[in-house]
Amino acid sequence: MCQSICGTQGIANLRLSLPDDVNPDSGPVRFRVIRKGGARPVIDRSADVRLTRQSDGCGSGAYGRELVLTKDEGLTTKIPKSLQIAWGKQVREQAAAMPDPYR
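Residues numbered from 1 in each chain as written. Predicted model: local features only at pLDDT ≥ 70, side-chain atom pairs only at ≥ 80, totals over all residues. Heavy atoms only, no water.

**As for the overall build of the chain**
Working step 1: Assigned secondary structure in the chain consists of 1 helix and 8 strands.
Working step 2: When the helices and strands of the chain are placed in sequence order, the string is β-β-β-β-β-β-β-β-α.
Working step 3: Expressed as a percentage of its 103 residues, the buried residues of the chain come to 14%.
Working step 4: At a minimum sequence separation of 6, the contacts of the chain that also span at least 24 residues come to 30%. (Helix = DSSP H or I, 4+ residues; strand = E, 2+ residues; numbered from the N terminus. Buried < 20%, exposed > 50% of the residue type's maximum accessible area, 1.4 Å probe, protein only. Contact = heavy atoms within 4.5 Å.)

**Examining the pairing of strand S6 (residues 61–64)**
Working step 1: Pairing of strand S5 (residues 52–55) with S6, which is carried by 4 bridges, proceeds in the antiparallel orientation. What sits directly across from Ser55, in S6, is Gly61.
Working step 2: Connecting S5 to the antiparallel partner S6 that follows it, the hairpin turn spans 5 residues, and Gly57 within it adopts a positive phi of roughly 80°. (Pairing = 2+ DSSP bridges.)

**Points about the pairing of strand S3 (residues 26–34)**
Working step 1: Note that S3 and strand S4 (residues 41–50) share 9 bridges and pair antiparallel. If you follow Gly27 over to S4, its bridge partner there is Val49.
Working step 2: In this structure, the hairpin formed by S3 and S4 is closed by a connection of 6 residues, where Gly37 is found at a positive phi of approximately 85°.

**Structural notes on the confidence of the model for the chain**
Low-pLDDT portions of the prediction should not be read for the details of their coordinates.
Working step 1: Of all residues in the chain, 76% attain a pLDDT of 70 or more, and the chain-wide mean is 76.
Working step 2: Mean pLDDT values for the elements of the chain range from 43 in strand S1 (residues 2–6) up to 88 in S4. (pLDDT = per-residue confidence, 0-100.)

**Observations concerning the pattern of salt bridges**
Working step 1: Here the structure, examined in full by the defined rule, presents 3 salt bridges.
Working step 2: Asp44 is paired through a salt bridge with Arg30; the nearest N and O atoms lie 2.7 Å apart. Of the two residues, Asp44 is situated in strand S4 and Arg30 in strand S3; the sequence distance between them amounts to 14 residues.
Working step 3: In this structure Arg30 comes out as exposed when scored by relative accessible area, which is 52%.
Working step 4: The partner of Asp44 in a salt bridge is Arg32, and the shortest N-O contact between them spans 3.6 Å. Of this pair, Asp44 sits in strand S4 while Arg32 sits in strand S3, and the two are 12 residues apart along the sequence.
Working step 5: For Arg32, a relative accessible area of 45% corresponds to the partly exposed category.
Working step 6: Here the residues in one salt-bridge network are Arg30, Arg32 and Asp44, joined through shared partners. (Salt bridge = Lys/Arg side-chain N within 4 Å of Asp/Glu carboxyl O.)

Set out below in structure tokens:
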């Protein structure tokens, strides 16, 4: 189930809730997009991935994995360096645009 999609300028961040007992075993991830009111998917790609543990530094954390959907590679964990740079830039710009909660 989709929790949120963030980003409207080329790069989107999709986060999914997973059960707490998810483990790092390899398994299929399927990305399917169906237009509102549509019957057929406009995007339907899948990839086998292994989740990685991400700690919060306080004894807790979650499993996750970064994926990218490209025309050439489909759904893959091989994120091009140019996309990593563009993503970092977008995240920094969004953070700079947010009001400082301590002011």
